[in-house]
Amino acid sequence: MTDKWISTAERQPEKTGLYLCYTKKRVYLVLNYSKRHNTWNAFDGEDEPKNALEVTHWMPLPEPPEVKK
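Residues numbered from 1 in each chain as written. Predicted model: local features only at pLDDT ≥ 70, side-chain atom pairs only at ≥ 80, totals over all residues. Heavy atoms only, no water.

Engineer: Describe the pairing of strand 4 (residues 39-42), and please don't skip the residues or the numbers.
Structural biologist: Pairing of strand 3 (residues 28-34) with strand 4, which is carried by three bridges, proceeds in the antiparallel orientation. Residue pairing for strand 4: S34 is matched across the bridge by T39. (Pairing = 2+ DSSP bridges. Helix = DSSP H or I, 4+ residues; strand = E, 2+ residues; numbered from the N terminus.)

So this is what it looks like as structure tokens:
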């Protein structure tokens with residue numbers, strides 16, 4: 001995993017999934033990237049995804065923390 005921002009002008013993710021994103025309006029979001037449609041989407045709880053703000057940079061999400069039982 002990389003801990004550096006990747007410019008969307010350079011490349012998009014290789015797989016569909018959730019990514020930490022930075023937008024043109026200077027907002028950090030976790031968005032879903034669809035490789036099939038080459039789009040970034042946010043979900044609002046309805047069935048259909050909503051188009052997100054213009055993503056300028058992205059990076060994979062970190063691994064979740066270990067939870068001790």
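Next comes the rest of the write-up.
Engineer: Explain a nonpolar patch on the surface to me, using residue names and the numbers behind them.
Structural biologist: A cluster of nonpolar side chains, namely L18, V30 and L61, defines an oily patch on the protein surface of about 240 Å² accessible area. Here V30 shows up in strand 3. The exposure class assigned to V30 is partly exposed, which follows from its relative accessible area of 47%. (Patch = residues over 30% accessible without salt bridge, like charges linked within 9 Å, V, L, I, M, F, W, Y side chains within 5 Å. Areas by Shrake-Rupley, 256 points an atom, 1.4 Å probe, with all protein chains shown as cover. Salt bridge = Lys/Arg side-chain N within 4 Å of Asp/Glu carboxyl O. Buried < 20%, exposed > 50% of the residue type's maximum accessible area, 1.4 Å probe, protein only.)

Engineer: Let's hear about unusual backbone geometry: which residues, and what values?
Structural biologist: Negative phi characterises most residues that are not glycine, and trans characterises most peptide bonds. Despite not being glycine, R26 shows a phi value in the positive range, around 60°. Within the fold, R26 resides in the loop between strand 2 (17-23) and strand 3. Classification of R26 as exposed rests on a relative accessible area of 67%. Look at N38: it is not a glycine, yet its phi comes out positive at around 50°.

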